[in-house]
Structure formats: structure tokens, C-alpha cells
Amino acid sequence: MALLEDMKRILRVSADELDPEVQLLIDAARDDMARAGVPADVIDQEGPLVVHAVALFCKARFGYDNSEAPRFDESYRALVCDLVNSTLVRSVGE
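Keep in mind that what you see is a predicted model, and the values were worked out from it rather than measured. (Residues numbered from 1 in each chain as written. Predicted model: local features only at pLDDT ≥ 70, side-chain atom pairs only at ≥ 80, totals over all residues. Heavy atoms only, no water.)

1. Section: the state of the cysteines
Where we set the bar: Counting rule for disulfides: a pair of cysteine sulfur atoms within 2.5 Å. Only protein chains enter the calculation, and the probe is 1.4 Å; a residue is then buried if its accessible area is under 20% of its type maximum, exposed if over 50%, and partly exposed in between.
Per the stated rule, a full pass over the model turns up zero disulfides. Not engaged in a disulfide, the cysteine cysteine 58 finds its nearest cysteine sulfur in cysteine 81; these two sulfurs lie 18 Å apart. A residue is classified by how much of its surface remains accessible, and cysteine 81, at 46% relative accessible area, is partly exposed.

2. Let's talk about the nonpolar core
Worth spelling out the cut-off: As used here, the term nonpolar core means buried Ala, Val, Leu, Ile, Met, Phe, Trp, Tyr and Cys residues forming a set that is joined through side-chain atoms within 4.5 Å. By definition, any uninterrupted DSSP run of H or I lasting at least four residues is a helix, any uninterrupted run of E lasting at least two residues is a strand, and each is numbered from the N terminus.
Residues Met7, Ile26, Met33, Val38 and Val54 are the most contacted members of the largest nonpolar core, which totals 28 residues. Of all the secondary structure elements, the ones that give two or more residues to this core are α1 (2–10), α2 (19–36), α3 (40–45), α4 (48–61) and α5 (69–93). Ranked by the residues each element gives to this core, the list is headed by α4, at eight residues.

3. Notes on the packing of aromatic side chains
Threshold: Centre distance within 6.5 Å is the pairing criterion for rings of Phe, Tyr and Trp, where only the six-membered ring of Trp is used; planes under 30 degrees apart are then read as stacked, over 60 as edge-to-face, and the remainder as tilted. Should the NZ of a Lys or the CZ of an Arg lie within 6 Å of a ring centre and within 35 degrees of the ring normal, that charge is described as sitting over the ring.
Counting across every chain of the model gives one aromatic pair. Geometrically, the ring pair formed by phenylalanine 57 and tyrosine 76 is edge-to-face, given 5.1 Å between the ring centres and 70° between the ring planes. Of the two residues, phenylalanine 57 sits in helix α4 while tyrosine 76 sits in helix α5, which places them 19 residues apart along the sequence. For phenylalanine 57, a relative accessible area of 6% translates into the label buried. Exposure remark for tyrosine 76: the relative accessible area of 0% places this residue in the buried category. Sitting over the ring of phenylalanine 57, arginine 61 keeps its end group 3.8 Å from the ring centre.

Here's what the structure looks like:
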């Protein structure tokens, strides 16, 4: 529930009626990160980088007429690549 409230603040949403849409974006971001290869335990810990990735994903996809969407999506993709690569390096070195 805390992640939902965080994303609502980031998206500047105060109405609870948009909670299902925001939650759907959160869930989609988590699924997308998993699909890209970010380990589930990293996603589940919801560390700052994962929360930031979720925020970028949500900002790229929330609402209409968002001229900044491509920039947010590009930042999201780069961060996911970093998360995948850093977890691969960590697991190889262990």
C-alpha cells in the first residue's frame, strides 16, 4: 500500500478513484522488470532504485498528452538494464 501512496504523490494524484489505474501501472512495472531479468527478490525488496524505476514507468504511461513520456520511458529502460547487469555481476562474483 505504501508504494501506491508514493506513486500517487509522484504522479500528483490525490483522488482515490484513480487507485486502480495507478496500481495497475505499479503491477505492470514490476512484471516488466521481472520479464527483463531483474530478480524477484530485488523487485520485492522495493529498494530506492526499484521504486525509482516504478516511478519512471508510471510517469511514462500515466495520463494523456504527456510530451515527456519518451524521456521517462528511456530512463526507465536504462535503469532496468542497470538493475539486471548489477544483479548479474553480483551473483557471478559470489
